[in-house]
Amino acid sequence: QVQLVESGGGSAQAGWSLRLSCSASGYTYSRYCMGWFRQAPGKEREGVARIVHDGTTTYADSVKGRFTISKDNAKNTLYLQMNSLKPEDSAMYYCAADKRWRACTTLAASSFDYWGQGTQVTVSS
């Protein structure tokens, strides 16, 4: 029932910017907490950013000051603006959502039940 589709990934040079989008359908979008996660080959999935119903945001230390998470409820779309990209940002980026409170208080992947298929981001130096 719940469908999440990411887009906007691609290749970029260090210092460039990319904007990822996540289109949501099949659920009450505005009542879900949503987040962005990323996973590089051979590494575990890590939380990047999260946004709560009221717009409150949380970021991983590695992206603070460079990435911005936002949402457009009218369009049922979540965004991740990525500035000053670094090679270590290279990963598959996933959009995630969950309506339960636990998803609004953590960046742990285990707290989110609904996931998109991911969009690849590759940053070269």
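Refer to the structure printed above.
Residues numbered from 1 in each chain as written. Predicted model: local features only at pLDDT ≥ 70, side-chain atom pairs only at ≥ 80, totals over all residues. Heavy atoms only, no water.

Caption draft 1: Quick look at unusual backbone geometry. Residue N76 is not a glycine yet carries a positive backbone phi of 55°. Inspection of the secondary structure puts N76 in the loop between β7 (67-72) and β8 (77-82). A residue is classified by how much of its surface remains accessible, and N76, at 25% relative accessible area, is partly exposed. The backbone of S84 sits at a positive phi, close to 50°, despite the residue not being glycine. Assignment of secondary structure puts S84 in the loop between β8 and β9 (91-98). For S84, a relative accessible area of 42% gives the class partly exposed. (Helix = DSSP H or I, 4+ residues; strand = E, 2+ residues; numbered from the N terminus. Buried < 20%, exposed > 50% of the residue type's maximum accessible area, 1.4 Å probe, protein only.)

Caption draft 2: Representation of the nonpolar core in the model. Among the nonpolar cores identified, the biggest contains 28 residues, and M34, W36, L80, M82 and Y93 are the most heavily contacted of them. Breaking this core down by element, the ones donating at least two residues are β3 (18-25), β4 (33-39), β5 (46-51), β7, β8, β9 and β11 (119-124). Membership of the second largest hydrophobic core comes to seven residues, among which are C33, F37, A103 and C104. (Core = buried A, V, L, I, M, F, W, Y, C linked by side-chain atoms within 4.5 Å.)

Caption draft 3: Representation of the sheet that holds strand β1 (residues 3-7) within the structure. Spatially, the four strands line up as an open sheet ordered β1-β3-β8-β7, and their pairing is antiparallel. With partners counted over all chains shown, the strands left at the sheet margins are β1 and β7, one partner each. Looking at each pair of strands side by side, their axes are set apart by 15° on average, direction ignored. Taken together, the six bridges between β3 and β8 define a ladder with antiparallel strand orientation. (Pairing = 2+ DSSP bridges. Axes fitted to C-alpha atoms, helices over the stretch in contact; angles between N-to-C directions.)

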